[in-house]
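Inside the fold
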Amino acid sequence: MLGGTFNPPTLGHLAIARHARQQLALDRVVLMPAAAPPHKQVADDPGPQVRLKMCELLVHGAEGVGVCDLETRREGPSYTVDTLQELHARHPETELTFIVGADVASTLPAWREPRELLSLARLAVAARPGSDRGEVLDALASVDGASERVCFLDAPLIDVSSSRARERAAAGQRIDRLVGGEVAEFVREHALYGARVGTAG
């Protein structure tokens with residue numbers, strides 16, 4: 001499970017999903033867009049259903065990578081521990097892996113029930129610009145048993161951010177190299193993030 005706001009989803013997200021699937025020998029990786037992230041507001045949010053649709057466009061044709069609408073269908077804040085509990089209840093024999101960036105991993109002790117979260121899924125941490133493995137482990141040290149449930153992805157660092165895609169779209173610049181052709185076309189057609197027709201492809 002690769003969670004996030006995906007506003008919009010980028011080729012960086014897809015690269016992390018593909019690499020995690022390969023490195024960790026996962027059967028499948030699903031993008032799980034949050035409906036209402038409890039720890040931050042979603043800037044220029046077109047709505048969870050629109051972000052879900054863009055995730056579907058991003059992963060179209062990608063082997064072993066899909067999208068799950070569980071959080072977008074649930075009312076209230078999208079707490080990861082609730083999502084993992086529901087997934088575990090549906091698939092009790094499945095080993096779950098929660099994929100996050102290093103910046104997000106460092107905030108885990110402040111999340112709802114972090115110990116329960118790590119009992120339900122191992123944590124796979126992807127590098128982010130300026131991230132340090134030691135700092136991540138130090139941040140997680142307050143959660144009992146965290147070090148045994150954390151692994152680090154060796155994926156190449158891809159500095160492609162959703163905020164940059166939004167900024168470029170608003171400026172009338174092309175974003176296909178950031179989000180892929182199908183998502184870029186969707187952004188253009190629906191004039192998302194201030195994009196103008198004919199300029200955000």
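In this text, all values refer to a predicted model and were calculated from it rather than measured experimentally.

Next up on the list: the packing of aromatic side chains. Scanning all chains against the criterion turns up 1 aromatic pair. Centroid distance Phe 98 to Trp 111: 6.0 Å. Interplanar angle 65 degrees. Geometry classified as edge-to-face. Within this pair, whereas Phe 98 is found in strand S4 (residues 96-101), its partner Trp 111 is found in the loop between helix H5 (102-105) and helix H6 (114-120), the two being separated by 13 residues in sequence. For the residue pair Phe 98 and Trp 111, the accessibility class agrees, reading buried in each case. Its end group placed over the ring of Tyr 79, Arg 112 keeps NZ or CZ at 3.8 Å from the ring centre.

On to the pattern of salt bridges. In this structure the tally under the stated criterion is 10 salt bridges. One salt bridge in this structure joins Arg 122 and Glu 95, with 3.9 Å as the shortest N-O distance. Taken as a pair, Arg 122 in strand S5 (residues 121-126) and Glu 95 in the loop between helix H4 (80-90) and S4 lie far apart in primary sequence, 27 residues in all. Between Asp 176 and Arg 174 there is a salt bridge; the shortest N-O distance is 3.5 Å. A cluster of three or more residues bridged by salt bridges with shared partners is formed by Arg 74, Glu 86 and Arg 90.

Ranked by size, the top nonpolar core spans 33 residues in total, and within it Leu 31, Ile 99 and Val 187 carry the most contacts. For this core, the secondary structure elements donating two or more residues are helix H1 (11-23), strand S2 (29-33), helix H2 (48-59), S5, helix H8 (162-170), helix H9 (176-179) and helix H10 (181-189). By residue number, the principal contributor to this core is H2, which donates 5 residues. When sequence neighbours within four positions are dropped, the list of residues in contact with Leu 31 reads Leu 2, Phe 6, Ala 17, Cys 55, Leu 58, Val 59, Val 65, Gly 66, Val 67 and Cys 68. Within the second largest apolar cluster, 27 residues are counted, among which are Val 81, Val 100, Leu 117 and Val 125.

Bringing the side chain of Thr 97 into the picture now. Here Thr 97 lies in strand S4. By relative accessible area, which is 6% here, Thr 97 ends up buried. Engagement of the side chain of Thr 97 in a polar contact is seen with the side chain of Arg 122, the distance being 2.8 Å. Setting aside residues up to four positions removed in sequence, Thr 97 forms contacts with Met 1, Leu 24, Leu 26, Ala 121, Arg 122 and Ala 124.

This next bit is on the pairing of S5. Across the 6 residues that make up S5, a large majority, 5, are buried. Two elements, S4 and S5, share 6 bridges in a ladder whose sense is parallel. Along S5, the bridge assignment pairs Leu 96 with Ala 121. Judged from the 3 bridges that link them, S5 and strand S6 (residues 150-152) form a sheet pairing that is parallel. Paired with Ala 124 across the two strands is Cys 151, which belongs to S6.

Before going further, it helps to examine the pairing of S2. When you tally the buried positions in S2, you get 5 out of 5 residues, the bulk of the element. A two-sided burial pattern is seen for S2, the buried positions comprising Val 29, Leu 31 and Pro 33 on one face and Val 30 and Met 32 on the other. Across 3 bridges, strand S1 (residues 2-4) lies against S2 in parallel orientation. Within S2, the residue paired with Gly 4 across the bridge is Pro 33. In this fold, the crossover linking S1 to S2 by way of H1 has right-handed handedness.

Scoring rules and cut-offs
Residues numbered from 1 in each chain as written. Predicted model: local features only at pLDDT ≥ 70, side-chain atom pairs only at ≥ 80, totals over all residues. Heavy atoms only, no water. Phe/Tyr/Trp six-rings, centres within 6.5 Å; stacked < 30°, edge-to-face > 60°. Helix = DSSP H or I, 4+ residues; strand = E, 2+ residues; numbered from the N terminus. Buried < 20%, exposed > 50% of the residue type's maximum accessible area, 1.4 Å probe, protein only. Lys NZ or Arg CZ within 6 Å of the ring centre and 35° of its normal. Salt bridge = Lys/Arg side-chain N within 4 Å of Asp/Glu carboxyl O. Core = buried A, V, L, I, M, F, W, Y, C linked by side-chain atoms within 4.5 Å. Contact = heavy atoms within 4.5 Å. Polar contact = N/O pair within 3.5 Å; in protein donor to acceptor, adjacent residues only side chain to side chain. Pairing = 2+ DSSP bridges. Right-handed = clockwise from strand over helix to strand, strands pointing away.

Any functional reading would require information that these geometric values do not contain.
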